[in-house]
Amino acid sequence: MAKLTKIGSLWVMPESTFSTDPDTDGSSFLMVPAEGIAVTLTKPPIEREVMRPGLGQSISSTPGQKGGTVAFKIPLTGLATAGASGVAAVIDPWLDALLDACGYSVVAGTGTAVTGSGSSTTSIDVTSSAGFTTGTLCMINGQVRLITAKAAGNITITPALSAAPAAADVVYASVSAAVTSTTNYEPAATCAFVWKHDGDEVTILGCAGTLKVEPYDAGARPTLSLEFQINSWANTTNKSALPTSLPTLRSPLLAKRNAGDTTGSALWWGSTATPLASSKTGFDPALTLSPKPSVEGIEGRIGWAITAENAMFDVTPYSAQTTYSDDYEAATNRTAVLQLGNASGAAFGIAAQQTQIMDLPSEADVGGIRGSSLKLKARAPSTAGLTGFAIGWF
């Protein structure tokens with residue numbers, strides 16, 4: 001009988017020791033609200049090319065190194081607890097575990113409020129800046145911004161807001177993720193998965209992954225796709241205490257503005273908000289994950305390392321030929337912010353302080369309307385201490 005491919009569940013848990021089952025009965029694993037789960041398990045044969053006296057007399061092979069991939073998508077949603085004034089932002093723990101195993105450092109902030117009337121569009125006076133970290137994201141009056149500096153009672157943001165905020169306006173904190181720069185650029189943690197489908201159970205160990213925002217259309221439901229490399233796996237029957245209920249499924253974000261919105265879902269190129277339309281809209285950090293081979297490692301590996309990157313926004317705004325062409329010709333760097341949603345508990349953003357248009361903008365057909373196809377590559381920040389890009393949930 002064929003497998004019922006829609007009947008399956010995936011759980012995740014951080015590993016304390018590489019490629020070692022962190023919880024035998026599965027009670028501490030976290031269920032992932034994953035879509036389109038594709039688990040590929042490999043163990044290729046190692047042939048023995050012994051010279052033989054005739055045809056059809058080859059020597060039996062030996063099963064080799066285990067490996068494979070775990071790939072799936074998750075919908076983009078807001079936080080479990082929004083970082084309102086005086087409130088610590090909280091991300092779903094299953095998502096935190098996935099981000100850690102993708103090599104990201106996750107920072108949860110605490111929100112605050114604007115104090116007084118002395119703020120500008122880039123310098124914001126706040127009740128307290130203690131809950132913010134330079135290089136993370138915040139949201140003020142529905143606009144996602146990158147924090148480039150902070151002092152007592154003040155944060156500096158980029159790009160500029162469309163208007164200076166007023167006293168008591170909420171400055172929402174995010175849970176932000178940025179690529180860590182540890183020794184040899186290794187992910188800070190690896191994770192284990194349990195995959196159950198139609199009664200079968202597989203425990204998958206020593207996993208590290210990559211992620212990207214899949215291309216989405218206007219009005220569509222954006223998703224985050226993840227792919228994890230596997231170090232080892234085994235068919236098991238011991239995960240008797242796995243959680244059986246799906247985690248809270250909040251409403252997914254949609255690539256649209258709601259009635260009365262002034263920002264909603266847009267690309268900020270510098271301080272200009274630009275509507276997007278095309279299915280090419282997305283963001284890919286393009287991290288290359290490579291194994292660390294060792295004869296002392298389980299399955300011949302002792303971990304994973306990030307060995308290359310090519311972080312890129314792929315966006316199609318409506319045509320502004322002179323602006324984009326001039327920026328390309330002048331090799332202009334601008335801050336880019338790709339934003340989805342603008343309400344607390346229902347927003348997501350990606351920001352890079354310095355990005356550059358990579359090719360002379362080409363013409364794009366947006367339902368018969370002229371658009372511009374742009375690839376914006378994240379460049380080295382001009383402010384010390386910032387990462388190349390940051391991803392944030394609100």
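Model, not experiment: these values are computed from the prediction.

**Brief notes about the overall build of the protein**
So, point 1. Summing up its helical and strand segments, the protein has two helices and 29 strands in all.
So, point 2. A compact globule built from 394 residues would reach a C-alpha radius of gyration of about 21 Å, and the protein, at 23 Å, matches this within 12%.
So, point 3. Principal axes of the C-alpha set define a box for the protein whose edges measure 85 × 45 × 45 Å.
So, point 4. Per-residue burial over the protein gives 48% buried out of 394 residues.
So, point 5. Pairs at least 24 residues apart make up 71% of the contacts formed inside the protein by residues separated by at least 6 positions.
So, point 6. When the accessible surface of the protein is totalled, it reaches about 17300 Å², and 52% of it is carbon and sulfur.
So, point 7. Between the centroid of the 24 positive side chains of the protein and the centroid of its 31 negative side chains there is a distance of 3 Å.

**With respect to the nonpolar core**
So, point 1. Among the nonpolar cores identified, the biggest contains 63 residues, and Phe72, Phe193, Phe228 and Trp393 are the most heavily contacted of them.
So, point 2. If one sorts the elements of this core by residue count, strand 16 (residues 200-216) sits on top with seven residues.
So, point 3. In this view, Phe72 contacts Leu10, Val32, Ala34, Glu35, Gly36, Ile37, Leu98, Phe193, Leu224, Ser225, Leu226 and Phe228; residues no more than four positions away in its chain are not counted.
So, point 4. Counting 12 residues, the second largest nonpolar core, distinct from the first, contains Val114, Val126, Ile155 and Val171.

**Quick look at helix 2 (residues 321-329)**
So, point 1. Residues of helix 2 that are buried include every one of Tyr324, Ser325 and Asp327, and no others. Angular distribution of buried residues about the axis of helix 2 spans 160°; they occupy a single face of the element. Among the exposed residues of helix 2, those oriented more than 90 degrees off its buried face are Thr322 and Glu329.
So, point 2. Buried residues along helix 2 sit against strand 19 (266-269), strand 20 (272-274), strand 25 (333-343), strand 26 (346-357) and strand 28 (369-378).
So, point 3. Where helix 2 ends, the next residue or the one after it, Ala331, has phi of about 55°, a positive value.

**Quick look at the packing of aromatic side chains**
So, point 1. With the rule as written, the count across this model stands at seven aromatic pairs.
So, point 2. Aromatic pair Phe72 and Phe228: ring centres 6.1 Å apart, planes at 10°, arrangement stacked. Of this pair, Phe72 sits in strand 6 (residues 67-75) while Phe228 is found in strand 17 (residues 223-229), placing the two residues 156 residues apart along the sequence.
So, point 3. The exposure class assigned to Phe228 is buried, which follows from its relative accessible area of 0%.
So, point 4. Taken together, a centroid distance of 6.4 Å and an interplanar angle of 65° make the contact between Tyr104 and Phe389 edge-to-face. On the criterion of sequence distance, the pair formed by Tyr104 in strand 7 (residues 104-108) and Phe389 in the loop between strand 28 and strand 29 (390-393) is long-range, its members being 285 residues apart.
So, point 5. Classification of Tyr104 by relative accessible area gives buried; the value is 1%.
So, point 6. One aromatic cluster is present, formed by Tyr104, Phe283, Phe313 and Phe389 through successive ring pairs.
So, point 7. Cation over ring: Arg145 sits above Trp268, and NZ or CZ is 4.0 Å from the ring centre.

**Concerning the pattern of salt bridges**
In a structure, side chains of opposite charge can pair up when their charged atoms sit close to one another.
So, point 1. Tallied over the entire structure, the rule returns seven salt bridges.
So, point 2. For the salt bridge of Lys239 with Asp21, the shortest nitrogen-to-oxygen distance reads 2.7 Å. With Lys239 in the loop between strand 18 (232-235) and strand 19 and Asp21 in the loop between strand 1 (8-14) and strand 2 (30-32), this pair connects stretches of sequence that are 218 residues apart.
So, point 3. The class for Lys239 is buried, based on a relative accessible area of 2%.
So, point 4. What makes Asp21 partly exposed here is its relative accessible area of 26%.
So, point 5. A salt bridge links Lys375 to Asp314, with the nearest nitrogen and oxygen atoms 3.0 Å apart. With Lys375 in strand 28 and Asp314 in strand 24 (residues 312-315), the pair connects residues that are 61 residues apart, well separated along the chain.
So, point 6. We classify Lys375 as partly exposed; its relative accessible area is 37%.

**With respect to the environment of Thr69**
So, point 1. Tracing the backbone through its elements, the reader meets Thr69 in strand 6.
So, point 2. For the pair formed by Thr69 and Thr40, sequence separation is 29 residues and the distance between their alpha carbons is 5.2 Å.
So, point 3. When sequence neighbours within four positions are dropped, the list of residues in contact with Thr69 reads Ala38, Val39, Thr40, Glu227, Phe228, Gln229 and Ile230.

**Observations regarding the sheet that holds strand 8 (residues 112-113)**
So, point 1. Spatial strand order, 8-13-10-11-12-9: six strands in an open sheet with antiparallel pairing. Sheet topology places strand 8 and strand 9 (123-125) at the edges, where each strand pairs with a single neighbour.

**Considerations on the environment of Ala192**
So, point 1. Here Ala192 lies in strand 15 (residues 191-197).
So, point 2. For the pair Ala192 and Ser174, spaced 18 residues apart in sequence, the C-alpha separation works out to 27 Å.
So, point 3. Setting aside residues no more than four positions away along its own chain, Ala192 makes contact with Trp11, Val12, Met13, Glu15, Pro22, Phe29, Ile204 and Leu205.

**Remarks on helix 1 (residues 93-101)**
So, point 1. All of the buried residues along helix 1 are Trp94, Leu95, Ala97, Leu98, Leu99 and Ala101.
So, point 2. Where helix 1 terminates, the next one or two residues include Gly103, which has phi positive at roughly 85°.

What counts and how
- Residues numbered from 1 in each chain as written.
- Predicted model: local features only at pLDDT ≥ 70, side-chain atom pairs only at ≥ 80, totals over all residues.
- Heavy atoms only, no water.
- Helix = DSSP H or I, 4+ residues; strand = E, 2+ residues; numbered from the N terminus.
- Rg over C-alpha atoms; globule rule 2.2 N^0.38 Å.
- Buried < 20%, exposed > 50% of the residue type's maximum accessible area, 1.4 Å probe, protein only.
- Contact = heavy atoms within 4.5 Å.
- Areas by Shrake-Rupley, 256 points an atom, 1.4 Å probe, with all protein chains shown as cover.
- Lys, Arg positive; Asp, Glu negative; His and termini not counted.
- Charge placed at Lys NZ, Arg CZ, Asp CG, Glu CD.
- Core = buried A, V, L, I, M, F, W, Y, C linked by side-chain atoms within 4.5 Å.
- Arc of directions from axis to C-beta.
- Phe/Tyr/Trp six-rings, centres within 6.5 Å; stacked < 30°, edge-to-face > 60°.
- Lys NZ or Arg CZ within 6 Å of the ring centre and 35° of its normal.
- Salt bridge = Lys/Arg side-chain N within 4 Å of Asp/Glu carboxyl O.
- Pairing = 2+ DSSP bridges.

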